Each structure stands twice: as C-alpha cells, then as structure tokens.
Amino acid sequence: MRLFDTATRQVRDFVPRVPGQASVYLCGLTVQSGPHIGHLRSGVNYDVLRRWLLHAGYDVVFVRNITDIDDKILAKSVEQGRPFWSIAYANEVTLAAAYRALNVLAPTYEPRATGHVPEMHELITELIERGNAYPSNDGSGDVYFSVGSFAEYGALSGQRPDDMLAAPDGPERAKRDPRDFALWKGAKSAEPDDAEWPSPWGRGRPGWHIECSAMAKRYLGAEFDIHGGGLDLVFPHHENEQAQSRAAGLAFARFWVHHGLLNLGEAKMSKSLGNVIDLDSVVEHGIRPVDLRYYMLAPHYRARIDFSWGALEEAATAYRRIEGFVQRAVELVGVVEPTALCADFTAAMDDDLNTSAALAALHEVVREGNTALAAGNDKAAAGALGSVRAMLGVLGIDPLDAAWADSKGGSGMRSTVDALVALALEQRTAARERKDWAAADAVRDQLKQAGVVVEDTPHGPRWTIGSEL
C-alpha cells in the first residue's frame, strides 16, 4: 500500500510504526454550525482509508477530534445569548447523524478539545521550559509559540518563514515575532465567562493548534502513523501542529495525508462565505445519502471536486446501475456473501487509494455479471455478485449493508412506499391479465413520473427509485 505524503511530496510505501497496527488521527470539525457536504467529504474519504487498512489486516486505532471551542463558536454564543457548549453540542449531534447517514464508521475515539485542557497545559509548559514558547509581557495571559526557535518551521507546507505574514491570533505588540502563534489565549471581557479555565498563566482558553497536538499525544502517543485533514489545513494548522509537537520532543506523524476540497463555483464551500449545501438539501433534491457517498468516492481523494447538481445526479445514476445488478443477481441466485476482490481493484486501492480506478474495475465486474445474468449463467452471476459485494463493502456502499436499509424509500418511509407501489403493481398486473395494455402502460408511466421505474423480470415486476437502469 502506498500513500502520498504531504511532508515529502511523494507517494511512499506505507510502513506502520508497529507491524500489524495502524494509528490514524483525523482533524475533525469545528462545530460552530452544522456540517455541509464539503465537511462530509473528509469523513467519507478517511472512512475508506480506514476500511482499506482493516481489509489489509491492520488493527486500526482511528481518532477524529471535535473542536468545541474557538473564536467563531464564542462569537455565536455572544450573538445568540446561548452557552458556547450548547451550540457546540447541538452541532456535534447533527454532525454525528450525517456521518451515520453516509455509513461512516464511528471512530475509535472522538475527543473534544474542552475535555483535554490539562494535557494542553502540560504540552505548553514543556514548550516554555525548552525555550520554544513564552508568556506575553502585556498582561493578557497569552502564551505564544516562538516560530524562530524551530528551524524546520515551514517544511510541511513548503513555505519560507521569511515570506509569511503575521499570525492573526493575537496582537503583534504582545509577540516577539509577528509570525508567532497563540498556544493559550488569556480571558477577555467580551467573551463568555464559562469559556475560561485556570492555568499557570491566568484564566483563559486554548489556541486552536495546541488542541490537536495534545489530543493526538493522549490517544496515540508520541508518534503515530497517519495524520489526515483537508488541504486547507496544511498551513497554518498542520504546520503549527508539527512545529509545536516536534519542538516538545514528539516524533508526531509519520505520514501526512490531505484530501482535496469540495468547491461551489470558484470558491471552497465555506460557512463564512455562506455558499454551503448540506445533507438535507441533497436529500430534498432526490439524492440519497448512498448516492452522495458514491459521488464523493468517484474522484481521487486528492482531487478537487467542483460541485454541480448535474454531476451529482450522474453519480447517482452510475451507482444505481451497480445497485440494479446486485438486486437482479440476488433475485436469481440469492444473497451471496462477499468473496475475493478483483486484482485491478486491489491494485488501484493500494496505489494511494485510487477510488476512481477502483470504481472502474468494479463497473467492469458489474458488466460481466450482467452478461452472465442475460445468459442465465447462475454460477458466473453468483461469482460476480460475491466480488462486487466485496468491493462495495470496502467502499462502504454495498446496497445489502444494513446501513442502507431505508435508502430505497427514505428514512421512515420505506414501508409506506412499498405498500403504495405494491398496490399500483397489483393494478398493473390485473390490467395485463385482462389484456388491457393501455391501462397497464398508464400505471407504469404514472409510477415513472413519480420517480419509480418498473422492470419486468422472470420473477415478476421489480421496481427501483431513480433513472432507468
């Protein structure tokens, strides 16, 4: 297995720190509001990484944090007159529901920043003692990391320190160098009183970057295998994480893996820009969560996605071709458990998680399976079904997975839709039996207008929601 490592700017063989084990830290969301689909791409992409590691036989520890305190959350707290933790928790619940809807496996651990302030104090104290951090001398209670004290600063992102602008998380008058960034932020009168903790430097709250270093060390130790996140986090967040962790004597991440962004127009999807589309909007548009997951997997994880409804609908149609094969094969040969992966799929996944090439291999096996079905070759159809299910399972989009049980009719509506369609099909069957072809065609056409496609099979009529297969 090979992964592109941002730090070395090359695809490298994945060699874990401990044979047979893989440790992953993914920068999770800052929960100042509910997630949009750009955020959810991160969850889906690293879920596939985790599933592939599991398939390869690794014992995986997967940590995905929650940033539940930062400037934006506190600003909303003041604006809405609500406790910051109330806002953060409500959005965390929404995020968890979205991940479940997209069949993203729950992390091994999901630490919140506010639950690890003592660990942050320990790390900051270590940095001060080593000469890599200092309390400000302006009475603010701020503590800053000294960028100039770490010779490798800028190595991860490839930036030259001399070309960097001032870090925007504190007044320059309090810093020895404008590029220095905050590890601890002293309490401010304009912020909520409950957003403060006692510290050796006065009451205050953690800076953003120190949170992840402290939580990664707490759950994965001084060194771990993979650190993940979006390309927008390479600088300054991940650059700062690496600098403060290594300055404190921690080896930190062996691989840095970053996924491409999901853009709307020419700009990345961003809450601050107001150009966001969330999961509910996608479902209201007639796209199921499983279709959205397929859409996010179709490009390589490092590629940028330029969102459009047309492209999303095309992805949904492509997935439903796969789904249709699975459904027809099950009707003919019964449920076949996942078997071996095809060689092209395995090679693609080992090549820096090339899901685009992996899906091409999957569609090829689906075509072979459809040919077997058309020829009445039960053995070949069963073999194709087992292979297809194995590939779909790795990607988290197997339609027979219990996670997608309600995908046909939507959550909470499956039984109602089943009953209504069954009634309509009974009327169509009765019309066909009395040779009233016009009435039978009218029922089929009305169902099609409602988004229900009917296909006649040797085992009776079969229906799906979506485009023609």
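Bear in mind that the values here come from a model prediction, so they are computed numbers and not experimental data. (Residues numbered from 1 in each chain as written. Predicted model: local features only at pLDDT ≥ 70, side-chain atom pairs only at ≥ 80, totals over all residues. Heavy atoms only, no water.)

Points about the UniProt feature "short sequence motif: 'HIGH' region" (unreviewed entry) in the chain
In step 1: The UniProt record marks residues 29–39 with the feature "short sequence motif: 'HIGH' region" (unreviewed entry), using the residue numbering of this structure.
In step 2: Along residues 29–39, the helical share is 27% and the strand share 0%, with 7 Å between the first and last C-alpha atoms. (UniProt positions renumbered as here; feature names shortened; annotations may be inferred. Helix = DSSP H or I, 4+ residues; strand = E, 2+ residues; numbered from the N terminus.)

So, the sheet that holds strand β9 (residues 223–230)
In step 1: With respect to topology, four strands assemble into an open sheet ordered β4-β3-β9-β10, the strand pairing being parallel. Only two strands of the sheet have a single partner each, and these edge strands are β4 (59–64) and β10 (252–259). Each strand of the sheet is rotated relative to its neighbour by a mean of 25°, with strand direction disregarded.
In step 2: Note: β9 against β10, seven bridges, orientation parallel. If you follow Gly230 over to β10, its bridge partner there is His259.
In step 3: Set on the sheet, helix α1 (residues 37–55) makes contact with β3 (21–26), β4, β9 and β10; between it and β10 the angle comes to about 125°. (Pairing = 2+ DSSP bridges. Axes fitted to C-alpha atoms, helices over the stretch in contact; angles between N-to-C directions. Contact = heavy atoms within 4.5 Å.)

Quick notes on the packing of helix α4 (residues 117–129) against helix α5 (residues 208–220)
In step 1: Between α4 and α5, whose axes approach to 9 Å, the crossing angle comes to 105°. With respect to their mutual orientation, α4 and α5 come out roughly perpendicular. On α5, the residues that touch Glu119, Met120, Leu123, Ile124 and Leu127 of α4 are Ile210, Glu211, Ser213, Ala214 and Arg218.
In step 2: Taken together, the residues of the contact of α4 with α5 sort by class into six nonpolar, one polar and three charged. (Parallel < 35°, antiparallel > 145°, perpendicular 65-115°, else oblique. Nonpolar A, V, L, I, M, F, W, Y, C, P; charged D, E, K, R; others polar.)

Here we look at α5
In step 1: Between its terminal C-alpha atoms α5 stretches 19 Å, which fits the 18 Å expected from 13 residues at 1.5 Å a residue.
In step 2: Turning to α5, its buried residues are His209, Ile210, Glu211, Cys212, Ser213, Ala214, Met215, Ala216 and Leu220.
In step 3: Phi turns positive one or two residues past the end of α5, at Gly221, with a value near 90°. (Expected span 1.5 Å × (residues − 1). Buried < 20%, exposed > 50% of the residue type's maximum accessible area, 1.4 Å probe, protein only.)

Notes on the side chain of Arg293
In step 1: For Arg293, the position within the fold is in helix α8 (residues 289–297).
In step 2: What makes Arg293 buried here is its relative accessible area of 0%.
In step 3: Beyond its immediate stretch of four places on either side in the chain, Arg293 contacts Val44, Asp47, Val48, Arg51, Leu102, Asn103, Val104, Leu395, Gly396, Ile397 and Trp404.

Side note on the pairing of strand β1 (residues 2–5)
In step 1: Where β1 lies against strand β2 (residues 10–13), four bridges are found, and the strand directions are antiparallel. Each bridged residue has a counterpart across the sheet, and for Asp5 the counterpart in β2 is Gln10.

Overview of the sheet that holds strand β7 (residues 181–186)
In step 1: On the basis of which strands lie adjacent, the open sheet formed by four strands has the order β5-β6-β7-β8 and antiparallel pairing. Edge positions in the sheet fall to β5 (133–135) and β8 (204–206), since each of these pairs with one other strand and no more. On average, adjacent strands in this sheet sit at an angle of 20° to one another, irrespective of strand direction.
In step 2: As defined by bridge partners, β7 adjoins β8 across three bridges and the pair is classed as antiparallel. Within β8, the residue paired with Trp184 across the bridge is Pro206.
In step 3: The sheet strands contacting α4 are β5, β6 (143–145), β7 and β8, and the helix crosses β7 at an angle near 125°.

Things to note about helix α9 (residues 309–333)
In step 1: Taking 1.5 Å as the rise per residue, α9 with 25 residues should run 36 Å; its terminal C-alpha atoms sit 36 Å apart, in good agreement.
In step 2: Downstream of α9 by one or two residues, Gly334 has phi in the positive range, about 85°.

Quick look at unusual backbone geometry
In step 1: Omega for the bond connecting Phe235 with Pro236 falls within 30 degrees of zero, at 5°, which places this linkage in the cis form.
In step 2: Looking at where Pro236 falls in the secondary structure, it is placed in helix α6 (residues 234–247).
In step 3: Here the phi dihedral of Asp352 falls at roughly 55°; this positive angle occurs in a residue that is not glycine.
In step 4: Within the secondary structure, Asp352 is located in the loop between α10 (343–350) and α11 (355–375).
In step 5: At Leu353, a position not held by glycine, the phi torsion is positive, near 50°.
In step 6: Note on placement: Leu353 falls in the loop between α10 and α11.

Details of the packing of aromatic side chains
Aromatic ring pairs are defined here through the distance separating the ring centres and the angle between the ring planes.
In step 1: As enumerated under the stated definition, the model contains 13 aromatic pairs in all.
In step 2: Ring centres of Phe14 and Tyr58 lie 5.7 Å apart, and the angle between their planes is 75°; on these two criteria the pair is classed as edge-to-face. With Phe14 in the loop between β2 and β3 and Tyr58 in the loop between α1 and β4, this pair connects stretches of sequence that are 44 residues apart. Each member of the pair, Phe14 as well as Tyr58, carries the same accessibility label: buried.
In step 3: Ring centres of Trp184 and Trp201 lie 6.3 Å apart, and the angle between their planes is 55°; on these two criteria the pair is classed as tilted. Of this pair, Trp184 sits in strand β7 while Trp201 sits in the loop between β7 and β8; the two residues are 17 residues apart in sequence, bridging distant segments of the chain. (Phe/Tyr/Trp six-rings, centres within 6.5 Å; stacked < 30°, edge-to-face > 60°.)

Side note on the pattern of salt bridges
In step 1: Tallying each qualifying case throughout the model produces 28 salt bridges.
In step 2: For the salt bridge of Lys185 with Asp71, the shortest nitrogen-to-oxygen distance reads 3.4 Å. Within this pair, whereas Lys185 is found in strand β7, its partner Asp71 is found in helix α2 (residues 71–80), the two being separated by 114 residues in sequence.
In step 3: We classify Lys185 as buried; its relative accessible area is 10%.
In step 4: Residues Arg288 and Glu323 are paired through a salt bridge, measuring 3.0 Å at the closest nitrogen-oxygen approach. In this pair, Arg288 sits in the loop between α7 (279–284) and α8 while Glu323 sits in helix α9, placing the two residues 35 residues apart along the sequence. For the pair shown, Arg288 and Glu323 are each scored as buried. (Salt bridge = Lys/Arg side-chain N within 4 Å of Asp/Glu carboxyl O.)

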